Amino acid sequence: MASLAALHSNTLGEGLERLVRYKRLVSPEKVWLDIAHGEARLRFQWLLANEEPPALLTDLIFAGIDKVAQQGTNTPIKPRRI
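Reference entry: report on the structure contained in this document.

Parameters and conventions
- Residues numbered from 1 in each chain as written.
- Predicted model: local features only at pLDDT ≥ 70, side-chain atom pairs only at ≥ 80, totals over all residues.
- Heavy atoms only, no water.
- Helix = DSSP H or I, 4+ residues; strand = E, 2+ residues; numbered from the N terminus.
- Rg over C-alpha atoms; globule rule 2.2 N^0.38 Å.
- Buried < 20%, exposed > 50% of the residue type's maximum accessible area, 1.4 Å probe, protein only.
- Contact = heavy atoms within 4.5 Å.
- Expected span 1.5 Å × (residues − 1).
- Phe/Tyr/Trp six-rings, centres within 6.5 Å; stacked < 30°, edge-to-face > 60°.

1. Digging into the overall build of the chain
Here is step 1: Within the chain, the secondary structure is distributed over 3 helices and 2 strands.
Here is step 2: Reading the secondary structure of the chain in the N-to-C direction produces α-α-β-β-α.
Here is step 3: Computed over the C-alpha atoms, the radius of gyration of the chain is 13 Å, within 12% of the 12 Å expected from 2.2 N^0.38 for a compact globule of 82 residues.
Here is step 4: Referenced to the eigenvectors of the C-alpha coordinate spread, the extents of the chain come out at roughly 40 × 25 × 20 Å.
Here is step 5: Looking at the 82 residues of the chain, the share that counts as buried comes to 22%.
Here is step 6: Contacts spanning at least 24 positions in sequence make up 18% of the contacts within the chain whose residues lie at least 6 apart.

2. Brief notes about helix α2 (residues 12–26)
Helical geometry: 3.6 residues make up each α-helical turn, so side chains three or four residues apart lie on a common side.
Here is step 1: If you check α2, its first and last C-alpha atoms are 21 Å apart, about what 15 residues at 1.5 Å a residue would give, namely 21 Å.
Here is step 2: In the core, the buried residues of α2 are packed alongside α1 (2–7), β1 (29–36), β2 (39–46) and α3 (55–73).

3. Focus: the packing of aromatic side chains
How two aromatic rings sit relative to each other is given by the distance of their centres and the angle of their planes.
Here is step 1: Summed over the entire model, instances satisfying the criterion amount to 2 aromatic pairs.
Here is step 2: Where Phe44 meets Trp46, the ring centres are 5.9 Å apart and the plane angle is 25 degrees; that geometry is what we call stacked.
Here is step 3: Taking the relative accessible area as the measure of exposure, Phe44 reaches 14% and is therefore buried.
Here is step 4: Centre to centre, the rings of Phe44 and Phe62 are 5.4 Å apart; their planes meet at 85 degrees, and the pair counts as edge-to-face. Residue Phe44 is found in strand β2, and its partner Phe62 is found in helix α3; the two are separated by 18 residues along the sequence.
Here is step 5: An aromatic cluster is present here, built from Phe44, Trp46 and Phe62 joined pairwise through their rings.

In structure tokens:
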């Protein structure tokens, strides 16, 4: 559902904001989105976790967001930093 909300946005920034808002409403994680100087920075915190999340989980979340961004803009997206 979060991906659908993001894909039906007018801009990539708006799509990311919708994705973050959806995640805040329905999942036990805190998500921050900072957009500055043409760069979006996403941070996640799993509120119910007692230890660091598995690296695979983190990789899958960022890969999913990257895929939504590519599909929504119809251009290849290359993260600057992970």
